[in-house]
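Listed below are the residues making up each chain.
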Amino acid sequence: MKNIGVYLLLAFAAFNSASYAEQAVAAAKVKVEVKSIFKMSLDRADINFRDMLPGQTRENIPETGIKVTSYSNTGRQWFIKLNTVSDLRDGERTIDSKYFQWYGWTEGKGKWTGTGGDVFKQTPALAYISDSSEYVNLPNGVDNYFKFRLTVPQNQVAGFYETIVQFTMTE
């Protein structure tokens, strides 16, 4: 019994001295700035209707569509818009934008706003509204596909007509 008391006394003394041991603590603050990613990419940069005759309509151009992939980690809603910078032009001659249309589809969860035959304008038209699940969509992004239709007016002067289709991603 004496031995048990000695052991208890020694254990208590060891525990007691350990609880009063000196200690020093230092801290280092951890910082990181996660950079914003807000960009889009096109899988191709050409919309070629090739040779057409007056009065002819060609659609489904390009055949596979133009894939527009949008990437964001801002945590905010974003939108895809598109427009032409001018009517189709060959010098002073033009093909009015009312003869040039866009349509397409999305693989995203947001809202595709195209109607299937939207006429181009020089002011950006809304094509896609992101879903809240896409506000941060890295690393894969969200894919939207665009195709185009052109009707050459019956009385169109021969020429090589061009314009630029501009895609814009905004918040």
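No experiment lies behind these values; they were computed from the predicted model shown.

Caption draft 1: Spotlight on the side chain of Arg 149. Positionally, Arg 149 belongs in strand 10 (residues 142-151). Only 3.2 Å separates the side chain of Arg 149 from the side chain of Glu 59, close enough to count as a polar contact. Among the polar contacts listed, one links the side chain of Arg 149 to the side chain of Gln 101, at a separation of 2.6 Å.

Caption draft 2: Structural context of the sheet that holds strand 9 (residues 125-129). Taken in spatial order, the four strands line up as 7-9-3-11 in an open sheet, and their pairing is antiparallel. A strand with exactly one partner marks an edge of an open sheet, and here the two such strands are strand 7 (111-112) and strand 11 (165-170).

Caption draft 3: Looking closely at the sheet that holds strand 1 (residues 38-42). In space, the five strands of this open sheet follow the order 1-2-10-6-8, with antiparallel pairing throughout. Every interior strand has two partners, whereas the edge strands, strand 1 and strand 8 (118-119), have only one. As defined by bridge partners, strand 6 (residues 100-106) adjoins strand 8 across two bridges and the pair is classed as antiparallel. The partner of Gln 101 across the bridge, within strand 8, is Val 119.

Cut-offs used in this document
Residues numbered from 1 in each chain as written. Predicted model: local features only at pLDDT ≥ 70, side-chain atom pairs only at ≥ 80, totals over all residues. Heavy atoms only, no water. Helix = DSSP H or I, 4+ residues; strand = E, 2+ residues; numbered from the N terminus. Polar contact = N/O pair within 3.5 Å; in protein donor to acceptor, adjacent residues only side chain to side chain. Pairing = 2+ DSSP bridges.

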